Number of protein chains: 2
Amino acid sequence: MYNTTKPSTARIIELAENTYGSKYIKVKRCEVYATFKRRFPYSILWPLLGVHELDHTDGGGTKGIYHWQQRTFYNAVLDVLAMNLNDMLLERARPYKLQNHIILPEDDGKAVVQIMEAMSDECSKRKIVITGGETSIQNNIKGLDISMTVSGFIRHPKPNQFQAGDLLIGFKSNGLHSNGFTKVREVFGDEFRPEFVEPTRVYLEDILRLEKKYGIHGMMHITGGGFTKIKPLLPGLDAHIYNNHMLSPQPIFHELYKRGVSDEEMYKTFNCGIGFVIGVPEKHAEDALDAIETAHGEADIIGEVTPGTGKVKINSEFSDRTVKY
Amino acid sequence: MYNTTKPSTARIIELAENTYGSKYIKVKRCEVYATFKRRFPYSILWPLLGVHELDHTDGGGTKGIYHWQQRTFYNAVLDVLAMNLNDMLLERARPYKLQNHIILPEDDGKAVVQIMEAMSDECSKRKIVITGGETSIQNNIKGLDISMTVSGFIRHPKPNQFQAGDLLIGFKSNGLHSNGFTKVREVFGDEFRPEFVEPTRVYLEDILRLEKKYGIHGMMHITGGGFTKIKPLLPGLDAHIYNNHMLSPQPIFHELYKRGVSDEEMYKTFNCGIGFVIGVPEKHAEDALDAIETAHGEADIIGEVTPGTGKVKINSEFSDRTVKY
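Procedures and definitions
- Starting from 1, residues in each chain are numbered consecutively following that chain's sequence as written.
- Chain A is the first chain written and ligand 1 is the first ligand written, with later ones labelled in order.
- Local features in this predicted model are restricted to residues of pLDDT 70 or higher, and side-chain atom pairs are both shown and tallied only at a pLDDT of 80 or more, whereas totals for entire chains, interfaces and linings draw on every residue.
- Hydrogen atoms and water are omitted, and side-chain values are computed over all heavy atoms in the structure.
- Strands are runs of DSSP state E lasting at least 2 residues, helices are runs of H or I lasting at least 4, and numbering of each runs from the N terminus.
- Partly exposed describes any residue whose relative accessible area lies between the buried limit of under 20% and the exposed limit of over 50%, with all areas from a 1.4 Å probe on protein chains only and scaled to the type maximum.
- Only protein atoms enter the 1 Å grid, on which a cavity is a set of points fitting a 1.4 Å probe that cannot get out and a pocket is an open set with protein on both sides within 12 Å along at least 5 of 7 lines, lining residues being those with an atom within 4 Å of a point.
- Grid points are joined across faces, edges and corners, and a volume is the space filled by probe spheres set on the points.
- Polar here means any residue other than Ala, Val, Leu, Ile, Met, Phe, Trp, Tyr, Cys and Pro, which are nonpolar, and Asp, Glu, Lys and Arg, which are charged; Gly is therefore polar.
- Side-chain atoms alone can form a polar contact between residues adjacent in sequence; in general such a contact is a pair of N or O atoms within 3.5 Å, and within protein one must be able to donate a hydrogen while the other accepts it.
- Residue contacts are counted whenever heavy atoms from the two residues lie within 4.5 Å of one another.
- Buried area is understood as the total, over both parts, of accessible area removed when two parts are fitted together, assessed with a 1.4 Å probe.
- A pairing counts as a salt bridge when a side-chain nitrogen of Lys or Arg comes within 4 Å of a carboxyl oxygen of Asp or Glu.

Caption draft 1: View of the environment of Glu298 of chain B. Residue and element names in this part refer to chain B. Examined against the element boundaries, Glu298 turns out to sit in the loop between α9 (282–295) and β11 (299–307). Under the relative-accessibility criterion, Glu298 is labelled partly exposed at 24%. Placed 126 residues apart in sequence, Glu298 and Lys172 show a C-alpha to C-alpha distance of 5.5 Å.

Below, the structure written as structure tokens:
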């Protein structure tokens, strides 16, 4: 899905919209992007079941350099799967099939098979069917690149917006996840840390269960753009994220900070220990937290939503400053 | 779609098949690949219309180096679109939507917009809806890479096999198209030729029209693997391709030959002037040719199918040799 924080995006969306003349696709306002006045198309599929279909494409980015060097192919697959599934969650989409495109810098049958083994495992357990894909050998790339196009069903489309009085629940990240690697390479140069190849966590199952049981007002996958990504979920609201919770940044984030990345840059580039954020009504927050903790033990209430002007305010974990976006 | 001529393919297919436990996808023998005993999954979509859905992913490969250098973005899009649509033709699939994944070596808003303008134009005129995509900046790649996942409908699935007595009609290529560029770079090194950025021709409209009117027994998109790709279409048959037709190789192919690429390598790496081959009953061949020529004036009868043992025999355009696969 196009990242609406990127330049040229308005024009890209417009150009995609120029193609919406098909009788097979129905274009419906996509409420997640309602604040951007975007429209995204859904197939009119499964008419008897009353379900919409959503397609979504994402890849692993420059983190693939490290996965290729370290041959951490299973983690590379988890990264790309997570980038897709976690993003699709924002529209409450349940994934059911995918296609893949794998670029390797050299012909390496073992690598391809290990990648497909990981994909097959992770898809089988989520009942996602791999309908096909392509492997491309390109000796002009340093590292691997995997991208996936995932399709999912949406049963009950709903707006993705926080409400005044919501408590914010954060889900622990697994470290850097799959964004900010251009910055990581700038800071670390040729140095390697095992944390560079840790996989992104998939939040799908937890979130869909909570959505069904308690209703989630708004949610965001914290990737490129960091915590600035939740600004569109705050019409006439502010989000406050405190630092008195259990989701402390992993050591790798402290190291980035010590090497000169500012507080402000940290929270707009990295997840700083929190991979996914949801806003739930205060009355459900404790129950929701218990339900998650049964599964992971790795979520906590990290803040709250108040009336305001669309600002995100974060008490930094790295200093005594408060970061504002 | 996985190239069945690549190593590890059997294992890749097996791993994909492990995921076929979904109630949303029906796995149907895909007759195109029947000789390989492959099965490919189709969504059970549009049940009221009785249509199958096919997904297909492909990218532009290392040709993207030249497109990036020359900023021939429109041609880059045509290449990737053609690689997908021409391949999907083998299953008589009519495309209706796509997702894209664009990798650029640097953040270049103008390039992204030009790429999307081309995609929007080419998709609009074919009623293909762009349902989304992703742009990724990766400074570890030399050149651009565009990949697309295209979905299409199949109304009447049928086997893709030649029959004894078929005449082979070739469709003129636009030059190198999008394969064999690793070889091209090996031969030409840092030299550049304008032919390196000429786009792949899309055969979709012509082929679907001929299929409807005359019935095509077998067809093949001549890409990586060259003319060896038609071997699976020849159960108990041989294909003979002569050199007394109008589809002569473009000068760039003669130059590759002169620089040391053998006859055998030429026909198994490059299209040598013929981008698509169909086999039609002899009685329809002339009419079919007339119908194509109305559109392009660039197709000709290039050979015939006889009882045999699965061999492809080609009278070389580069020498007086006969190449056999």
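Caption draft 2: Spatial organisation of the pairing of strand β3 (residues 52–59) of chain B. Here β3 of chain B lies mainly inside the structure; 8 of its 8 residues are buried. Residue alternation in β3 of chain B divides its side chains into two sets, His52, Leu54, His56 and Asp58 of chain B and Glu53, Asp55, Thr57 and Gly59 of chain B, and both sets are buried.

Caption draft 3: Spotlight on empty space enclosed by the protein. Evaluation of the coordinates by the stated rule reveals 10 cavities of 30 Å³ or more. Space inside the largest cavity adds up to approximately 90 Å³. Considering the residues around the largest cavity, the lining is formed by 15 residues, among which Thr149 and Ser151 of chain A together with Asp55, Thr149 and Ser151 of chain B are closest to the centre. If you list the elements that add at least two residues to the lining of the largest cavity, you get β4 (93–104) and β6 (145–154) of chain A together with β4 (93–104) and β6 (145–154) of chain B. For the lining of the largest cavity, the class distribution of residues is 3 nonpolar, 8 polar and 4 charged.

Caption draft 4: Inspection of the environment of Thr322 of chain A at higher detail. All names here are of chain A. Note on placement: Thr322 falls in strand β13 (residues 322–324). Under the relative-accessibility criterion, Thr322 is labelled partly exposed at 44%. Considered as a pair, Thr322 and Ala76 are 246 residues apart in the sequence and their alpha carbons are 34 Å apart. Separated by 3.3 Å, the side chains of Thr322 and Asn315 make a polar contact.

Caption draft 5: Molecular detail of the interface of chain B and chain A. In this complex, chain B contributes 66 residues to the contact, which on the side of chain A involves 66 residues. When the two sides are added together, the surface that chain B and chain A hide from each other amounts to roughly 5900 Å², 58% of it contributed by carbon and sulfur. At the surface where chain B touches chain A, the tally comes to 2 salt bridges. On inspection of chain B and its partner chain A, the count reaches 17 residue pairs in polar contact (both at pLDDT 80 or more). Residue assignment for the side of chain B that touches chain A shows that the elements contributing at least two residues are α1 (9–17), β2 (39–43), β3, β4, α4 (109–124), β5 (129–137), β6 and α5 (181–188) of chain B. Among the elements that make up the side of chain B that touches chain A, the one with the highest residue count is β5 of chain B (9 residues). In the side of chain B that touches chain A, the residues fall into 26 nonpolar, 27 polar and 13 charged.

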